[in-house]
Amino acid sequence: MPCPSRSDELVFFVNGRKVIERNADPEVTLLSFLRKNLRLTGTKYACGRGGCGACTVMVSKRDPTSQEIRHFSVTACLVPICSLYGAAVTTVEGVGSIKTRLHPVQERIAKSHGTQCGFCTPGMVMSMYTLLRNHPQPSEEQLLEALAGNLCRCTGYRPILASGKTFCLESNGCQQKGTGKCCLDLGENDSSSLGRKSDICTELFVKEEFQPLDPTQELIFPPELLRMAEDPEKRTLTFHGERVTWISPGTFKDLLELKAKHPEAPLILGNTSLGPAMRSKGHFHPILLSPARISELNVVSKTNDGLTIGAGCSLAHVKDILAERVSELPEEKTQTYRALLKHLKSLAGQQIRNMASLGGHIISRHSYSDLNPILAVGNTTLNLTSEEGTRRIPLSEHFLAGLASADLKPEEILESVYIPHSQKWEFVSAFRQAQCQHNALPDVNAGMRVLFKEGTDIIEDLSITYGGVGAATVSAHKSCQQLLGRQWDELMLDEACRRLLDEVSLPGWAPGGRVEFKRTLVVSFFFKFYLQVLQELKKLIKPFPVPNSRHYPEISDRFLSALEDFPGTVPQGVQRYQSVDSHQPLQDPVGRPVMHLSGLKHATGEAEFCDDIPMVDKELHMALVTSTRAYAKIISIDLSKALEIPGVVDVITAKDIPGTNGTEDDKLLAVDEVLCVGQIICAVVAETDVQAKRAIEKIKITYEELEPIIFTIEDAIKHNSFLCPEKKLEQGNIEEAFEKVDQIVEGEVHVGGQEHFYMETQRVLVIPKTEDKELDIYVSTQDPAHVQKTVSSTLHIPINRITCHVKRVGGGFGGKIGRPAVFGAIAAVGALKTGHPIRLVLDREDDMLITGGRHPLFGKYKVGFMNNGRIKALDIECFINGGCTLDDSELVTEFLILKLENAYKIRNLRFRGRACLTNLPSNTAFRGFGFPQGTLVTESCITAVAAKCGLPPEKIREKNMYQTVDKTIYKQAFNPESLIRCWNECLDTSSFHNRRMQVEEFNKKNYWKKRGIAVIPMKFSVGFAATSYHQAAALVHIYTDGSVLVTHGGNELGQGIHTKMLQVASRELKIPMSYLHICETSTATVPNTIATAASIGADTNGRAVQNACQILLKRLEPIIKKNPEGTWEEWIEAAFEQRISLSATGYFRGYKAFMDWEKGEGDPFPYYVYGAACSEVEIDCLTGAHKKIRTDIVMDACCSLNPAIDIGQIEGAFIQGMGLYTTEELKYSPEGVLYSRGPDEYKIPTISDVPEEFNVSLLPSSQTPLTIYSSKGLGESGMFLGSSVFFAITDAVAAARKERDIAEDFTVKSPATPEWVRMACADRFTEMIPRDDPKTFKPWSITVA
Ligand SMILES: Cc1cc2nc3c(=O)[nH]c(=O)nc-3n(C[C@H](O)[C@H](O)[C@H](O)COP(=O)(O)OP(=O)(O)OC[C@H]3O[C@@H](n4cnc5c(N)ncnc54)[C@H](O)[C@@H]3O)c2cc1C
Ligand code: FES
Ligand code: FES
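Residues numbered from 1 in each chain as written. Chains lettered and ligands numbered in written order. Predicted model: local features only at pLDDT ≥ 70, side-chain atom pairs only at ≥ 80, totals over all residues. Heavy atoms only, no water.

Peer 1: How do you make sense of the packing of helix α18 (residues 490-503) against helix α19 (residues 515-541) when you look at a structure like this?
Peer 2: Helix packing geometry: the angle between the two helix axes and the distance between the axes. The geometry of α18 relative to α19 is characterised by a closest axis approach of 10 Å and an angle of 155° between their N-to-C directions. With respect to each other, α18 and α19 are oriented roughly antiparallel. Between α18 and α19 lies a crossing whose hand is right-handed. On the side of α18, the interface is formed by Glu490, Met492, Leu493, Ala496, Cys497, Leu500 and Leu501, while α19 contributes Arg519, Val522, Val523, Phe526, Phe527 and Tyr530. Broken down by class, the residue content of the contact of α18 with α19 amounts to eleven nonpolar, no polar and two charged. (Axes fitted to C-alpha atoms, helices over the stretch in contact; angles between N-to-C directions. Helix = DSSP H or I, 4+ residues; strand = E, 2+ residues; numbered from the N terminus. Parallel < 35°, antiparallel > 145°, perpendicular 65-115°, else oblique. Left-handed = near helix turned anticlockwise from the far one by under 90°. Contact = heavy atoms within 4.5 Å. Nonpolar A, V, L, I, M, F, W, Y, C, P; charged D, E, K, R; others polar.)

Okay, structure coming up:
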């Protein structure tokens, strides 16, 4: 059939408005179209791979079969606009707006405090909104499922869920029982002071204030699209782009004709496989065939012996179809369907399941495919069609291996998939283990099926396939054949395991790594299958006694725990805080749970982030070229091919820098040497971002490798490669003390690094002005003054010509302190050279590659103690992997050493720390600044002491904790009263001692599942160790209408600093918050600011705002005195008339802080935050998976400025800490290339990772006279409390090891991934796997800590 040379018109609707695109480019995604063409910037870019949900929108279509309008959530970054013909798209802007009408979803997420930085919020809103369009009163499980594909790095998810739960039909949440109270709530079940006190609040929002959901108010499906759907266009539609042509036939016949004509052209369905491959693997297809309008591919037919599902059906639809069949048919017929359903629940997020097709899934044949292993064992057949006719092929091992003889011919398409019913005496199961339970690609998965000779346990047929253990799904065909005719017993199990390990062999260097873990899973899964089938056989045999029936091996109750998977449970919990004094005026907002100032704007997408700023005149885009070598000389850079690309304007190299190119050791742009993979060498400037990115591929750089190349701490120590001198603190006489103790233990702790994974990647817009070399810089940073200074020195322009603006930052966590200055300076060089505004937006991949993160740590300890658990001497030496430049590594080492003692008073101490110089991207500041890594060493020590003394770790903690007013190792005096209160409250509120006994009971009864519980105390020092870093300034203007503009030196990162500042100003000026406004942070209004970091931003800037307001109020006093009954407006008018200045600068000189490292003494921190957390987990010893049963946190916030914000900070930091210690694993190649460059490979916690019960309490009646209104900064401290989950996991692992009589200690390694847990719970299966000699091969990845 002819393919017209002219493009057709692409017609679809966005937010009720018709879009006609005459030149639709198949390479343009809906995300880019919305943001750039329609200027709908509420939909965000955060990963571009469908893995984070920030770009979620709703697509509505009329279903040709049911004729109903269906609504789907999709990730716009993977939706080509050409696929939208005839569809209606709803974005966050179409849902509601603060200018018109807020939608209840938007109102509730904001008022429930479900937004912090707000970058993920539009995506969350859209996922919830789509759910409500389909189910106006969803269940909590549906809510959890709808949100599982959306990542949030700030909130810890609890408040987002809380907002969604307000729509749910019936909630299990205690607070939702209608009374507003809960069994955990006041009084009941709780003897702590938190439980008893009457001024303790448990509500952070008032549900009754919410407007109801009214489905009749929603946008209707456009009538024009309805008409189009009723009379579908049969014509082939063609869209020609610059490089790619999209052909969408209207009939099946045309599709087959086109496939015959373009056999190489892929069919594009959900684009969830093709899209990411085109984006990151450079796959290119000049023609794409879209069968979206072919109804034949969506036919579903049920027969007596099976189910035929059209290849075009989405995985979400397949899930519904299977669920329906399972409810209709007897259990024995639905074994395969149930196995598929199990995996469909955890396969990706809802958005991907809505987009991805069954056909696309099968044909992609990803080695990790969750469905293919089950389909293969379930005897699925593929119905293929071409112009030549139809034929059927089995979805066999040969098909999965891609053998030409068993595959589709190029001109064939997969029309449908036939999945037969299972039968009696047949059992099918599915297994999978991933880094986390949901929304993570599996490490290994499996489908297993066995058929018995009727009435016996003799194996008649057996099939087993595995995913994740090779380049494709692998069948263990040979092993299965050899087991035919065998009885289902222990002997068969042993033989099967041996054969499976032999057949499914995985080399030590296998891509993806985790080789021994994967081998173990191969047999562990089979063991689970063995037990499951044994149970079923018993059930079958009982009602039908069979002649010659044999006695089945009994499964002891203790072993039954191997059978169950962890169910997805909707988290519940209570948040407790002290209410404000009853005498506090109502108008005074301090201490109340005031909503984030930008909350509503976050929820409507109207909050403007850096890249949402509209395109400016003559704007150009920049893309960065980075080193592919870890340590090499740059021999040449050939730019010629890049400059030939249309649209490319220039390439910026070090030679273009008029001023200084960074420092000698830390260059902005590499000159003649590169120090790590990912170091920036040059930058392309082009008219569009697409052109710039294409051009960087064309730049040829030749290198000459240098030596030695160092990646690991071990190598750095060997080569004496350090960034700075050793930092050391010492007290008492450690050597002498070691001589007098009962026991000494030595150990090692390895803590992996962490990626910030702020949802908004690094971005900057530099606008050169026409006069006096002035520049305006809009940048996502925690430290605009540093950007300003760096740009000034790079361009050799005085600082006063450069203005940096920060409206808000989409998450920083320390990652936007130093790096934004580098990007700002490079973009500024581009702006200066070209004379154009420059926009630089980092891809997620580049961001992760270039920016570095938390320092990996290796710690060695030696601890001396008495048999009663009293620690007498502790010697810790830590090494952190600093990467290739100094950055903050020296400071991190100092903080690490200063904070290492945590909550313990140990008389004889020696702490030493060094920062290693390696050829990795430079690591930098990260929430907690060394404390979360270092203190894991200290707490591991305590656990080791407990094990040796045969006492529970909490006893050792208690015994060694500070008890009275005392001095730290650096001789700073402090009072630990609140620490002890937090600890005791935490033990009480969590019913720790009872639960410890229950855990032990559980462990006695269960062999394959173990529980662990841990309670961890915390003393976290707040602030910088230098007085000058605590200074802050503010500028407050009162305008003649009485409105007030507040500016201060802090940046809004999501932590609610602006909200808190207005609460302060409101109290000081005694006016409602509605009079007050903050526009942005700007270097032009408040100069020489300090980075917003170290948990002290609200504290110091609050003092400055307070100071400015007090100055203003003092000036107004005579006027107020004269007219005490007057209004604020009248007073301001009078003041203006009397020529009283209505503008004031506030200043805070800073808390005294210093540290003398020579003497090892000082007062480095203004104050401490105390806290304690108790967590309980359950682990699956066979897979390494864990579930978090409960966490209780008690934190000493003193008089919280805003309990909603502070509880949000604690929860968010805790969940981020939990990620650090359990799932977030950075993998590097032996050449120093970071593999983990997106949400697929790097797993931050998702909503399903939140503890099933998650309670947070702020310690009541606590005061600190030093700070503003006696509040405390809580930005970072919660991070370390995440380690309670880590220690609960290791507690469970220790229980398993004890039962298995494993004598030797295990090396403490964070994160405690499923791999670590599984391998630590050694058993007959781990013993059975082949082990490799590491010297005989090059591993896929290396450990850098
Ligand atoms: C964020 C994310 C998370 C994921 N998580 C998981 C997971 O946990 N587990 C898992 O198993 N998978 C996962 N996947 C993979 C996903 O299941 C597949 O990408 C998806 O099923 C492919 O379907 P599609 O319709 O999008 O295929 P497309 O990308 O549209 O097409 C893929 C290929 O299939 C071919 N094709 C499609 N239909 C036909 C047909 N009818 N006849 C012939 N050829 C055809 C195309 O030519 C193309 O080559 C994930 C993907 C993403 C993006
Ligand atoms: S940006 Fe689309 S899913 Fe992350
Ligand atoms: S609020 Fe969710 S990412 Fe910041």
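Peer 1: Looking at this structure, how should I read empty space enclosed by the protein?
Peer 2: One simple way to see leftover space: roll a probe sized like a water molecule over the atoms. According to the stated counting rule, one finds six cavities of 30 Å³ or more in the structure shown. Approximately 240 Å³ is the volume attributed to the largest cavity. Lining the largest cavity we find 21 residues, and of these Gln437, His1186, Lys1187, Ser1248 and Asp1249 sit closest to its centre. Of all the secondary structure elements, the ones that give two or more residues to the lining of the largest cavity are β15 (426-434) and β46 (1186-1195). A breakdown of the residues in the lining of the largest cavity according to their chemical character gives seven nonpolar, ten polar and four charged. (1 Å grid on protein atoms, 1.4 Å probe; cavity = no way out; pocket = protein on both sides within 12 Å on 5 of 7 lines; lining within 4 Å. Points joined across faces, edges and corners; volume = space filled by probe spheres on them.)

Peer 1: Any chance you could explain the environment of Glu397 here in plain terms?
Peer 2: With respect to the helices and strands, Glu397 occurs in helix α16 (residues 397-400). Residue Glu397 is classed as partly exposed on the basis of its relative accessible area, which comes to 27%. Separated by 25 residues in the primary sequence, Glu397 and Asn372 have C-alpha atoms spaced 9.8 Å apart. (Buried < 20%, exposed > 50% of the residue type's maximum accessible area, 1.4 Å probe, protein only.)

Peer 1: Would you mind going over the state of the cysteines with me for this structure?
Peer 2: Throughout this description, disulfide means a covalent bond between two cysteine sulfur atoms. This model, assessed by the stated rule, comprises zero disulfides. Sulfur of Cys610: no disulfide; nearest cysteine sulfur belongs to Cys804 and is 11 Å away. The class for Cys610 is buried, based on a relative accessible area of 7%. The thiol of Cys878 is unpaired, and the distance to the nearest cysteine sulfur, on Cys941, comes to 9.8 Å. Judged by its relative accessible area of 1%, Cys878 is buried. (Disulfide = S-S within 2.5 Å.)

Peer 1: Hey, could you run me through the confidence of the model for the protein chain in this one?
Peer 2: The predicted structure's coordinates, where accompanied by low pLDDT, should not be read in detail. With 97% of its residues at a pLDDT of 70 or more, the protein chain shows a mean pLDDT of 95. In this model, residues 172-190 is a region of pLDDT below 50 whose contacts with residues beyond four sequence positions or in other chains number 38 contacts. (pLDDT = per-residue confidence, 0-100.)

Peer 1: Got a minute to help me understand the sheet that holds strand β6 (residues 200-201) in this structure?
Peer 2: Neighbouring strands of a sheet are bound in pairs by backbone hydrogen bonds; such pairs are parallel or else antiparallel. If you walk across this open sheet you meet the six strands as β6-β19-β47-β46-β45-β37, and the pairing is mixed. Since the sheet does not close on itself, it has two edges, and those belong to β6 and β37 (1009-1022), each with one partner. Docked against the sheet, helix α32 (residues 992-1005) engages β37, β45 (1167-1180) and β46, running at close to 145° with respect to β37. Of the strands in this sheet, β19 (575-578), β45, β46 and β47 (1253-1258) are in contact with helix α36 (residues 1203-1222), which crosses β47 at around 130°. (Pairing = 2+ DSSP bridges.)

Peer 1: So what exactly am I meant to see when it comes to helix α9 (residues 252-261) here?
Peer 2: Spacing of three or four residues puts side chains on the same side of an α-helix, whose turn is 3.6 residues. Of the residues making up α9, those classed as buried are Phe252, Asp254, Leu255, Leu256, Leu258 and Lys259. The elements touched by buried residues of α9 are β8 (245-248), β9 (287-289), β12 (381-386) and β14 (413-420).

Peer 1: Would you mind showing me how to read a negative patch on the surface here?
Peer 2: A contiguous patch of negative charge on the surface is contributed by Asp1041, Glu1129, Glu1130, Glu1133 and Glu1137. Note that Glu1137 resides in helix α35 (residues 1128-1137). Taking relative accessible area as the criterion, Glu1137 reaches 60% and is therefore assigned exposed. (Patch = residues over 30% accessible without salt bridge, like charges linked within 9 Å, V, L, I, M, F, W, Y side chains within 5 Å. Areas by Shrake-Rupley, 256 points an atom, 1.4 Å probe, with all protein chains shown as cover. Salt bridge = Lys/Arg side-chain N within 4 Å of Asp/Glu carboxyl O. Lys, Arg positive; Asp, Glu negative; His and termini not counted. Charge placed at Lys NZ, Arg CZ, Asp CG, Glu CD.)

Peer 1: Any chance you could explain the sheet that holds strand β41 (residues 1081-1082) here in plain terms?
Peer 2: Here we have eight strands laid out as an open sheet, ordered β22-β24-β20-β31-β28-β29-β30-β41, and mixed in their pairing. At either end of the open sheet lies a strand with only one pairing partner, and these are β22 (648-652) and β41. Bridge analysis of strand β29 (residues 775-779) against strand β30 (residues 802-806) gives four bridges, and the strand direction is parallel. In the sheet register, Asp776 faces β30, and the bridge partner there is Thr803.

Peer 1: Can you walk me through the site of ligand 1 in this structure?
Peer 2: Taken together, 34 residues lie around ligand 1, and Leu269, Thr272, Leu274, Ser357 and Asp370 are the ones closest in. In the model, an oxygen atom of ligand 1 is placed 2.7 Å from a nitrogen or oxygen of the Thr272 side chain. Within the side chain of Ser357, a nitrogen or oxygen atom sits 2.6 Å from an oxygen atom of ligand 1. Relative to its free-state accessible area of 990 Å², ligand 1 is covered by the protein chains to the extent of 93%. Secondary-structure elements contributing two or more residues to the shell around ligand 1 are α14 (358-364) and β14. By residue number, the principal contributor to the shell around ligand 1 is α14, which donates five residues. In terms of residue class, the shell around ligand 1 is made up of 19 nonpolar, twelve polar and three charged. (Near = heavy atom within 4 Å. Polar contact = N/O pair within 3.5 Å; in protein donor to acceptor, adjacent residues only side chain to side chain.)

Peer 1: How do you make sense of the nonpolar core when you look at a structure like this?
Peer 2: The nonpolar side chains of a soluble globular protein tend to be buried with one another. If you look at the biggest cluster of nonpolar residues, it comprises 262 residues, and the most contacted ones within it are Tyr466, Trp488 and Phe526. In terms of residue count, α19 provides more of this core than any other element does, 16 residues in total. Dropping the residues within four chain positions of it, Phe526 is found in contact with Met448, Ile464, Tyr466, Trp488, Met492, Leu493, Ala496, Cys497 and Leu500. Grouped together as the second largest cluster of nonpolar side chains are 68 residues, Val14, Ala87, Ile268 and Leu358 included. (Core = buried A, V, L, I, M, F, W, Y, C linked by side-chain atoms within 4.5 Å.)

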